Amino acid sequence: MILPRYHIGPSTIAGAGQGLFLDEPVARGRLITAPDAIPRVYTFDEINALPDAAQLLRATVRWFEDRYTVTPEWPDECYINHAFEPNGLWHLGFVFAADDLPAGAEITVDYRHLLAPGQEEEFLDARSGERIVGFAWTESLRASTHALAALLG
């Protein structure tokens, strides 16, 4: 569920395809997205055991611990792109505005929180050229919890 008004359009990030853009300002700390309509979560091993695992991994997001959502229907939330210095904070499936965001801002999150530990994205970070490799669960939770506490503090 995407809370503010938004649209999908050509990304400002080289090679990213489409992006999710705000149609209204969002204040620092406010929710941008929240999980909804998630009928099931999978372990990473369960996903890898599926016959179409290679295709599904592109639509797989870590929600908590070793549990992942799979959304091959590609809802609009999937157009949130990666950045190592994102304007959205991913925390347990929620995306919070990391700063006051103006209308027109393209929403980004750090994909290292969404990937399995050690899982590497098929592409490099557009800005730095660095590999995007999933955090361990405890590292992801510690970092996002600390960032959220600072954001709301």
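Structure: see above.
The following paragraphs examine the structure supplied in this document. (Residues numbered from 1 in each chain as written. Predicted model: local features only at pLDDT ≥ 70, side-chain atom pairs only at ≥ 80, totals over all residues. Heavy atoms only, no water.)

Each pocket or cavity is described by its volume, and for the second largest pocket that value is around 160 Å³. As for the second largest pocket, its lining consists of Phe 84, Pro 86, Gly 88, Leu 89, Trp 90, Ala 98, Asp 110, His 113, Ala 143, Ser 144, Ala 147 and Leu 151. A breakdown of the residues in the lining of the second largest pocket according to their chemical character gives eight nonpolar, three polar and one charged. (1 Å grid on protein atoms, 1.4 Å probe; cavity = no way out; pocket = protein on both sides within 12 Å on 5 of 7 lines; lining within 4 Å. Points joined across faces, edges and corners; volume = space filled by probe spheres on them. Nonpolar A, V, L, I, M, F, W, Y, C, P; charged D, E, K, R; others polar.)

We now examine the side chain of Asn 87. One can find Asn 87 in the loop between β6 (81-82) and β7 (88-91). Accessibility expressed as a relative area gives 15% for Asn 87, which makes it buried. A distance of 2.8 Å separates the side chain of Asn 87 from the backbone oxygen of Glu 106, its partner in a polar contact. Of note is the side chain of Asn 87, whose polar atom sits 2.9 Å from the backbone nitrogen of Thr 108. Other than its neighbours up to four places away in sequence, Asn 87 contacts Phe 96, Ala 97, Ala 98, Asp 99, Leu 101, Ala 105, Glu 106, Ile 107 and Thr 108. (Helix = DSSP H or I, 4+ residues; strand = E, 2+ residues; numbered from the N terminus. Buried < 20%, exposed > 50% of the residue type's maximum accessible area, 1.4 Å probe, protein only. Polar contact = N/O pair within 3.5 Å; in protein donor to acceptor, adjacent residues only side chain to side chain. Contact = heavy atoms within 4.5 Å.)

Right, let's get into the packing of aromatic side chains. Tallying each qualifying case throughout the model produces five aromatic pairs. When the centroid spacing of 5.7 Å and the interplanar angle of 65° are considered together, the rings of Trp 63 and Phe 64 count as edge-to-face. Overall, Trp 63 belongs to the partly exposed group, its relative accessible area being 24%. Owing to a relative accessible area of 31%, Phe 64 belongs among the partly exposed residues under this scheme. Here Tyr 111 and Phe 123 contribute two aromatic rings whose centre-to-centre distance is 6.2 Å and whose plane-to-plane angle is 70°, an arrangement assigned as edge-to-face. Taken together, the positions of Tyr 111 in the loop between β9 (108-109) and α3 (137-152) and Phe 123 in the loop between β9 and α3 put the pair 12 residues apart, joining distant regions of the chain. Note on Tyr 111: relative accessible area 12%, which makes it buried. Since its relative accessible area comes to 38%, Phe 123 is described here as partly exposed. (Phe/Tyr/Trp six-rings, centres within 6.5 Å; stacked < 30°, edge-to-face > 60°.)

Attention shifts here to empty space enclosed by the protein. All chains considered together, the criterion is met by one cavity of 30 Å³ or more. Empty space within the largest cavity amounts to approximately 40 Å³. As for the largest cavity, its lining consists of Arg 62, Trp 63, Trp 90, Leu 92, His 113, Trp 137, Ser 140, Leu 141 and Ser 144. Those elements giving two or more residues to the lining of the largest cavity turn out to be β4 (60-64) and α3. Residue contributions to the lining of the largest cavity peak at four residues, all from α3. Taken together, the residues of the lining of the largest cavity sort by class into five nonpolar, three polar and one charged.

Scope: geometric values only; no functional claims are made or implied.
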